[in-house]
Amino acid sequence: MALTVRKFFPPSCRGQAALTDALFLLAIVVGVSTLLYLFSSNYGVATAEYLNHQYSSDYITAALKTILFASISHDPDKSLSNTHEVDYVLTIVKEGYAAKEPHLLEDRVLTVLRDRVRRVMKPLENSRDYLFYVQETTQASRFLFIYAWLSEFPPGTCGPNSTSKVLPSTTVVPHREYFCIAKSESNILGISQRVNGYAQSITGIGLGEVENGSPREPIPGVVFLSAWTPNCLPQGTTGGLFQFHGTPLTSEESLAHSLYDPANPIANQIQEVLSTANNGRGLIYCIPFAPA
Amino acid sequence: MLKFFPPPKHSSHSRGYIGPIGDDLPSLIPLIFALAVFFATFSNTLGTFEKKNALFDLDLEVFKIARVLRGNGYYTGVEAFHDACKLVRAKNVYFFAMIVPISENIDEPYAFSLFKSENGQVVEKGLREMVTNRQVLLDPRFAGSLEESAYICPSLDEIDNYRIPFSGAAYSEGRLLTRSFPIAVASNNMENYPIVDLGQLVVVIWH
């Protein structure tokens, strides 16, 4: 080794040797500095994601509780401030279920739920997509109400064949509200596998049922709320998670009729799509809601 | 004399030899440059660590404070909120928490803001101003005193003492953090049947 060094740097070239040593040191330092810089810029990314997820989780849990706790005027024509008869939202969900044949939720209940969900989720409405549903947990596992607040990606960024994409956090994506229907719970759980920052909360409820004027054993049900960072989710009946209806609903009054009533041609069309999409596994079929 | 200062082994006409300082001077330039680069990167990295850690600390403290103040998610009156406030123990941070009302109009954007525009400039709102302007939920049973009726929980006793580092930079530098959580609040005192309204528990925290 010494011989090699002497060969390249004989005593007469000591100045050059010192300079080369310094350049070597500089190269090492530049390498180390680059590593330090990369390390520092990536430091805490996982922790920040975890904290963000924790916040979403705490928020969603609190939101679901608050939605169900909130009061509503028993008389739909009176506001909370000038009525003496108030109910919890949970109560009118039960009553609305009992009163409707074939045991769907009344339009008024759907309107109230939409209003409460929107109000409670207001602080996160620009930064998260979310989905809320009420479902029977009987063998049929029917969805009584699915409401979604989804981002509308700019044209070209979220096509029918696109895989999940996330826009830069600085991009503000406009949102739109939808009323949806799904074939099974697995259609909704599919979202959690395709998005970032997914958080969900679920609680059990007893849905009332009346037979010949007297209450029967309550039907078990669940209320579910989930939120995630806006993602471009795949659409279409083959390999898609969502299918969007072209014409938006303009009135809440027609909501239950449009989505769930078997006598309605749109509802039948939706059922047909649900039963054939993704080789029978179904998807989430959504109708945009744009109140006139 | 020659005994103390012997002549150099290499004479001045040896090839490549300039002198003891002249020999090392060129190598000192990259050496010093390397040291400067290293210490600059090192201090930058350290600064980034500290900034990020400060933000994480704030985040964790927010969760701790919010968990105490959220309780079971439902407040029957302002006294219960003030009682919960006394249980909050925050380490090395200042904070205030408040419950703000949510507009009944769902198409109205979320209105809570710590800032206002004054003479064309964005300035912070005072905590007193927010309470006075009814941006904080009030319990109607205590109509006389704002301190008693407002759903507000400051880490300092006097809300007028707050000088909060409110500025756009404070957010980006991780010195200030705001988080909000939905909460249900009884908004009047109807006998046995209170109206439960929607509110947002907002926690503002800073170092």
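Numbering of residues starts from 1 in each chain and follows the order in which that chain's sequence is written. Here the convention is simple: chains get letters from A, ligands get numbers from 1, in the order in which they are written. Whole-chain, interface and lining totals are the exception, using all residues; otherwise, since this is a predicted model, local features are given only for residues with pLDDT of at least 70 and side-chain atom pairs are given and counted only at 80 or more. To get the side-chain values, take all heavy atoms of the structure and skip hydrogens and water.

## Focus on the interface of chain B and chain A
No. 1: Taken together, the contacts link 52 residues of chain B with 47 residues of chain A.
No. 2: Here the buried area means the combined drop in accessible surface, using a 1.4 Å probe, for two parts upon being joined, counting both sides. Across the interface of chain B and chain A, roughly 4600 Å² is buried in total on both sides, 67% from carbon and sulfur atoms.
No. 3: Three residues, Ile 106, Pro 182 and Leu 198 of chain B, lead the burial of chain B against chain A; their summed loss comes to 15% of the area buried on that side.
No. 4: We define a salt bridge as a side-chain nitrogen of Lys or Arg found within 4 Å of a carboxyl oxygen belonging to Asp or Glu. Remark: the boundary between chain B and chain A carries 3 salt bridges.
No. 5: A salt bridge links Arg 70 of chain B to Asp 58 of chain A; the shortest N-O distance between them is 3.5 Å.
No. 6: Counting of polar contacts relies on pairs of N or O atoms within 3.5 Å, with two restrictions inside protein: one atom must be capable of donating a hydrogen and the other of accepting it, and residues adjacent in sequence are counted only when both atoms are side-chain atoms. If you look at where chain B meets chain A, you find 11 residue pairs in polar contact (both at pLDDT 80 or more). Residue contacts follow a heavy-atom distance rule, with two residues in contact if any of their heavy atoms lie within 4.5 Å.

## Brief notes about the sheet that holds strand β2 (residues 94-101) of chain B
No. 1: Sheet architecture is open: 5 strands sit in the order β1-β6-β7-β2-β5 (chain B), paired in mixed fashion. Either end of the sheet is taken by a strand with one partner, and the two such strands are β1 (74-75) and β5 (152-154) of chain B.
No. 2: One ladder, built from 3 bridges, connects β2 of chain B with β5 of chain B; its direction is antiparallel. Within β5 of chain B, the residue paired with Ala 97 of chain B across the bridge is Cys 153 of chain B.
No. 3: The strands touched by helix α3 (residues 45-69) of chain A are β1, β6 (176-186) and β7 (196-206) of chain B; relative to β6 of chain B, the strand with the most contacts, the crossing angle is about 20 degrees.
No. 4: Axis lines are fitted through C-alpha atoms, for helices just across the contact stretch, and the angle between N-to-C directions can take any value from 0 to 180 degrees. Secondary structure elements follow DSSP: runs of H or I no shorter than four residues count as helices, runs of E no shorter than two count as strands, and numbering proceeds from the N terminus. Of the strands in this sheet, β1, β2, β5 and β7 of chain B are in contact with helix α2 (residues 78-86) of chain B, which crosses β5 of chain B at around 20 degrees. A pair of strands is considered paired only if DSSP assigns at least 2 bridges between the two.

## Brief notes about the packing of aromatic side chains
No. 1: Pairing of aromatic rings covers Phe, Tyr and Trp, the last counted by its six-membered ring, and requires centre-to-centre distances within 6.5 Å; plane angles under 30 degrees mean stacked, over 60 mean edge-to-face, and any other angle means tilted. Going through the model one piece at a time under the given rule, you end up with 23 aromatic pairs over all chains.
No. 2: Geometrically, the ring pair formed by Phe 39 of chain A and Phe 49 of chain B is edge-to-face, given 5.9 Å between the ring centres and 85 degrees between the ring planes. Of the two residues, Phe 39 of chain A sits in helix α2 (residues 14-42) while Phe 49 of chain B sits in helix α1 (residues 20-70), which places them in two different chains.
No. 3: Assessed through its relative accessible area of 21%, Phe 49 of chain B is described here as partly exposed.
No. 4: Measuring from ring centre to ring centre gives 5.6 Å for Phe 242 of chain A and Phe 244 of chain A, while their planes differ by 5 degrees; the resulting arrangement is stacked. A 1.4 Å probe rolled over the protein chains alone gives each residue an accessible area, and that area as a share of the maximum for its type sets the label: buried under 20%, exposed over 50%, partly exposed in between.

## Regarding the layout of surface pockets
A probe as big as a water molecule, rolled over the atoms, marks out the empty space that is left.
No. 1: Estimates place the volume of the second largest pocket at around 500 Å³.
No. 2: Lining residues are those with an atom within 4 Å of a point, where the points come from a 1 Å grid over the protein atoms alone and group into cavities, where a 1.4 Å probe fits but cannot get out, or pockets, open sets with protein on both sides within 12 Å along at least five of seven lines. Taken together, 21 residues make up the lining of the second largest pocket; nearest its centre are Ile 72, Asp 115, Arg 116 and Arg 119 of chain A together with Glu 104 of chain B.
No. 3: For the lining of the second largest pocket, the secondary-structure elements that each account for two or more residues are β1 (71-73) and α5 (107-120) of chain A.
No. 4: At 7 residues, α5 of chain A tops the list of elements feeding residues into the lining of the second largest pocket.
No. 5: Under the grouping applied here, Gly and all other residues not named as nonpolar or charged are polar, the nonpolar ones being Ala, Val, Leu, Ile, Met, Phe, Trp, Tyr, Cys and Pro and the charged ones Asp, Glu, Lys and Arg. Taken together, the residues of the lining of the second largest pocket sort by class into 6 nonpolar, 5 polar and 10 charged. Grid points are joined across faces, edges and corners, and a volume is the space filled by probe spheres set on the points.

## Looking at the pattern of salt bridges
No. 1: All chains considered together, the criterion is met by 14 salt bridges over all chains.
No. 2: Across the pair Lys 64 of chain B and Glu 61 of chain B runs a salt bridge whose closest N-O atoms are separated by 3.5 Å. In this pair, Lys 64 of chain B and Glu 61 of chain B both sit in helix α1, 3 residues apart, roughly one turn of the helix.
No. 3: With a shortest N-O distance of 3.9 Å, Lys 86 of chain B and Asp 83 of chain B are connected by a salt bridge. Taken together, the positions of Lys 86 of chain B and Asp 83 of chain B, both in helix α2 and 3 residues apart, correspond to about one turn of that helix.
No. 4: Under the relative-accessibility criterion, Lys 86 of chain B is labelled exposed at 61%.
No. 5: Among the charged side chains, a network of salt bridges with common partners joins Arg 114, Arg 118, Lys 122, Glu 125 and Glu 177 of chain A.

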